[in-house]
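# Secondary and tertiary structure notes
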Amino acid sequence: MGKRGVITDYSGEEIYRGDLVAYAVRQGNRVRMADAIVDKVTARLVDGRLRAMLRVTPTGVESGFTKRRSLRREWISAEHVRLIVPGVLDERD
């Protein structure tokens, strides 16, 4: 049996549920940076390759002058995510 791996951001920092992360979001023809709290960390098989995936809940803090319409949870790839503050959700509880 293989060892269970840990999902990391592009700099090698480990990402867990409750961490505050920054990621790129498309809005129309533009790209903005958004902050979100990680809700679930997993890996999925996409096109024959195992990809690290995160389900995140946006905080509403993001670049750009047009506000986001909803703060719904969304699945993103962990490929271009950066950890900002670990364990933010734990501090609020």
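For the structure given in this document, a descriptive report is provided here.

### A closer look at the layout of surface pockets
The calculated volume of the second largest pocket comes to roughly 160 Å³. Along its surface, the second largest pocket is lined by Val25, Arg26, Gln27, Arg32, Glu62, Lys67, Arg68, Arg69 and Ser70. Of all the elements, strand S1 (residues 20-27) adds the most residues to the lining of the second largest pocket, at 3 residues. Taken together, the residues that form the lining of the second largest pocket break down as 1 nonpolar, 2 polar and 6 charged.

### Details of the sheet that holds strand S4 (residues 74-77)
On the basis of which strands lie adjacent, the open sheet formed by 5 strands has the order S4-S3-S2-S1-S5 and antiparallel pairing. Strands with a single pairing partner mark the edges of an open sheet, and in this sheet they are S4 and strand S5 (82-85). Averaged over all neighbouring strand pairs, the angle between strand axes comes to 55°, with direction disregarded. Sheet topology places strand S3 (residues 49-62) next to S4; 4 bridges connect them, and they run antiparallel. Considered in S4, the bridge of Val56 is made with Glu74.

### With respect to the side chain of Arg32
Among the structural elements, Arg32 can be located in strand S2 (residues 30-46). Here Gln27 takes part through its side chain, which lies 2.3 Å from a polar atom of the side chain of Arg32. For Arg32, the side chain forms a polar contact with the main-chain oxygen of Ser63, separated by 3.5 Å.

Analysis parameters
- Sequence order as written defines residue numbering, which begins from 1 separately in each chain.
- Only residues with pLDDT of 70 or above have their local features reported here, since the model is predicted, and side-chain atom pairs are shown and tallied only from 80 upward, although totals for entire chains, interfaces and linings are computed over all residues.
- As a rule here, side-chain values come from all non-hydrogen atoms in the structure, and water together with hydrogens is ignored.
- In the cavity and pocket records, a cavity denotes points on a 1 Å grid over the protein atoms alone where a 1.4 Å probe fits but cannot get out, a pocket denotes an open set with protein on both sides within 12 Å along at least 5 of 7 lines, and lining residues are residues with an atom within 4 Å of a point.
- Grid points are joined across faces, edges and corners, and a volume is the space filled by probe spheres set on the points.
- Only DSSP runs of H or I covering at least 4 residues are called helices, and only runs of E covering at least 2 are called strands; the numbering of each starts at the N terminus.
- Residues are grouped as follows: Ala, Val, Leu, Ile, Met, Phe, Trp, Tyr, Cys and Pro are nonpolar; Asp, Glu, Lys and Arg are charged; every other residue, Gly included, is polar.
- Here, a strand pair is defined by DSSP locating no fewer than two bridges between the strands.
- The angle between two axes is taken between their N-to-C directions and runs from 0 to 180 degrees, where each axis is a line fitted to C-alpha atoms and a helix contributes only its stretch in contact.
- Residues adjacent in sequence count toward polar contacts only when both atoms are side-chain atoms; beyond that, a polar contact is any pair of N or O atoms within 3.5 Å, and within protein one must be able to donate a hydrogen and the other to accept it.

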